[in-house]
Amino acid sequence: MTKSIYFSLGIHNHQPVGNFDFVIERAYEMSYKPLINFFFKHPDFPINVHFSGFLLLWLEKNHPEYFEKLKIMAERGQIEFVSGGFYEPILPIIPDKDKVQQIKKLNKYIYDKFGQTPKGMWLAERVWEPHLVKYIAEAGIEYVVVDDAHFFSVGLKEEDLFGYYLMEEQGYKLAVFPISMKLRYLIPFADPEETITYLDKFASEDKSKIALLFDDGEKFGLWPDTYRTVYEEGWLERFVSKIKENFLLVTPVNLYTYMQRVNPKGRIYLPTASYREMMEWVLFPEAQKELEELVEKLKTENLWDKFSPYVKGGFWRNFLAKYDESNHMQKKMLYVWKKVQDSPNEEVKEKAMEEVFQGQANDAYWHGIFGGLYLPHLRTAIYEHLIKAENYLENSELHFNIFDFDCDGNDEIIVESPFFNLYLSPNHGGSVLEWDFKTKAFNLTNVLTRRKEAYHSKLSYVTSEAQGKSIHERWTAKEEGLENILFYDNHRRVSFTEKIFKSEPVLEDLWKDSSRLEVDSFYENYDYEINKDENKIRVLFSRVFRGFELCKSYILYKDKSFVDVVYEIKNVSETPISLNFGWEINLNFLAPNHPDYYFLIGDQKYPLSSFGIEKVNNWKIFSGIGIELECVLDVEASLYRYPIETVSLSEEGFERVYQGSALIHFYKVDLPVGSTWRTTIRFWVK
């Protein structure tokens, strides 16, 4: 008898909630469109496709002709649609109820538009946890696809992975297919003959085996150099021709069709995991370096093939520990979710939950080569949808809540007015963790901390040419000199921290976060009291330092679109004191060099990316997103400002990303015995 093997090709297409239209359009032209156009002309070659719900909505609106082709391919049985969470959430970090509802939402959309009831689903970033079996099964799904590394880690060998297994949780069953990492690296980077050789190696006479490649559609055209390789140089044409030439050996098939023909290989319990690169990215930098050293050691000693299944990185949820900003967004999502669930109005709840679902989109919650935490517009979209969800609820009164919002063991204070939300941290000097302008559903202080990343050490390897075909092996830079802006912050970038400098600050030292300080309030635990009446709410923070007491008040008003911040410094010593006092705010209005986004200081306009020192009683920010912010000071200050920029790594190489602007207001404060210095700052936002 002749040997044979099934081959299943799966394409995962996704765009983040909040991504720019021109970015999605480019992905459409370079990947989604040519790929489907190609297979449309090969009706005898079945494929599995997953589109995230956000991308489907965009395609339906912008390219209805593309939808029509998908419908035809579905009707002729060529395409098997694979479901998932509608807005591509990381399922383990959203409420259990939403796990089911997000999947069912995409199931329904696919059925309504294409007439198919999905049997399988794609896991966002292939993040797997064992308890998901129950919720995925409850959503009507019969199989998922995960990386073969999951199977290797429980002791299976490569030859055991050419089929599917059954997982179980509390009696719920779910089939699971392993995605071949070998095929991920062969397709579309190697000659198609290499894929045939690999499949031939594991073909069998009983016609029961299947090899699965399920990977990003963007690697077929959008990834660097792949459009030329896949289409212009004809890789895809040669690949499909090679499969057809070997029709006795290789049979293309959809996954559910295969499930109906072949029984599972057995029962299995897979541990928590994602793809190997993701489990490296989640580690802290030093741990990543140690893991790289271990991998290199095993490879040098020719032990990698034997022991690699048991060498894994971290746990996806630790992105919430690695990045405070990620944790903050996720905890805000849970906080808003609870408020929406408590709403008695079902119509309002449905509209608000649609916003919460979008606020659960995964991309802004993590960082790797593809992760969007470093992309301000993606974080902005998360906040926008969560604030919009809140705006559906009753918000005409003043409220405050005191609880451990971010689950760090310390209480935070959330103050809410019809115009603003302030998230305050007594444990970090009464600083502002988040300041929302609810009228525009915009987080004004959405600024990312400059952190050390493991890949920063690779800057020394950068050349003008890509070093390898895989996206994980490319060390290029989008501009020269990035090492000159590579600075790390001493702590999280929050707002309204107070600093007592040893001498008058130097702008360059502020930019590098290397100023010599006597006090940095971020590290101080402030006492607080809250006063509320019908028209305003006031939160007073205070702390006694050596020789002086510092008091800071935030005042929000029921009917006013401004916030007052009042500082008082009292000399509680027996001698006169002089202080070099400053307070800092970090703001992000997204477009650092666009002419419609700028500082107005006096009668001068400055880009948001600019550096400067000015004496001010007033400054403004104008933005093309329709928000204006004005700061009015009753005591003149020296304003130091600089851009907060990170060096991150994307599929296109190292790049500079503007994360916001820091504004430090500095005063020379001389205090005779028993005296008090006071200033009020008013922030108008419209």
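Above this text is the structure in question.
A few points on the structure. (Residues numbered from 1 in each chain as written. Predicted model: local features only at pLDDT ≥ 70, side-chain atom pairs only at ≥ 80, totals over all residues. Heavy atoms only, no water.)

Notes on the pairing of strand 26 (residues 653-671)
Thought 1: Along strand 26, 16 of the 19 residues are buried, which leaves the element largely enclosed by surrounding structure.
Thought 2: One ladder, built from 11 bridges, connects strand 21 (residues 577-587) with strand 26; its direction is antiparallel. Residue pairing across strands places Asn586 opposite Ala662, the latter belonging to strand 26.
Thought 3: Taken together, the 13 bridges between strand 25 (residues 628-650) and strand 26 define a ladder with antiparallel strand orientation. Bridge pairing in strand 26 places Ser638 opposite Phe666. (Buried < 20%, exposed > 50% of the residue type's maximum accessible area, 1.4 Å probe, protein only. Helix = DSSP H or I, 4+ residues; strand = E, 2+ residues; numbered from the N terminus. Pairing = 2+ DSSP bridges.)

Points about the nonpolar core
Thought 1: Residues Phe7, Phe39, Ile136 and Trp316 are the most contacted members of the largest nonpolar core, which totals 150 residues.
Thought 2: Counting residues in hydrophobic clusters, the runner-up holds 58 residues, among them Leu422, Phe545, Tyr567 and Tyr597. (Core = buried A, V, L, I, M, F, W, Y, C linked by side-chain atoms within 4.5 Å.)

Brief notes about the pattern of salt bridges
Thought 1: Following the criterion strictly, the structure yields 50 salt bridges and no others.
Thought 2: Residues Arg126 and Asp147 are paired through a salt bridge, measuring 2.3 Å at the closest nitrogen-oxygen approach. A residue pair is termed long-range when its members are at least 10 positions apart, and Arg126 in the loop between strand 4 (120-122) and helix 5 (132-138) and Asp147 in strand 5 (residues 143-147) qualify at 21 residues.
Thought 3: Asp147 is paired through a salt bridge with Arg184; the nearest N and O atoms lie 3.3 Å apart. On the criterion of sequence distance, the pair formed by Asp147 in strand 5 and Arg184 in helix 7 (residues 181-186) is long-range, its members being 37 residues apart. Note on accessibility: Asp147 and Arg184 belong to one class, buried.
Thought 4: Salt bridges sharing common partners tie together Arg126, Asp147, Arg184, Asp215, Lys219 and Glu277. (Salt bridge = Lys/Arg side-chain N within 4 Å of Asp/Glu carboxyl O.)

Topic: the packing of aromatic side chains
Thought 1: Evaluation of the coordinates by the stated rule reveals 62 aromatic pairs.
Thought 2: Ring geometry for Phe319 and Trp366: centres 6.2 Å apart, planes at 50°, overall tilted. A residue pair is termed long-range when its members are at least 10 positions apart, and Phe319 in helix 15 (residues 319-322) and Trp366 in the loop between helix 17 (346-358) and helix 18 (376-392) qualify at 47 residues.
Thought 3: On the basis of relative accessible area, Trp366 is assigned to the buried category, the value being 0%.
Thought 4: Residues Phe522 and Tyr523 carry aromatic rings whose centres are separated by 5.5 Å and whose planes lie at 90° to one another, so their mutual orientation is edge-to-face.
Thought 5: Residue Phe522 is classed as buried on the basis of its relative accessible area, which comes to 8%.
Thought 6: One cation-aromatic arrangement involves Arg641 over Tyr606; the distance from NZ or CZ to the ring centre is 4.3 Å. (Phe/Tyr/Trp six-rings, centres within 6.5 Å; stacked < 30°, edge-to-face > 60°. Lys NZ or Arg CZ within 6 Å of the ring centre and 35° of its normal.)

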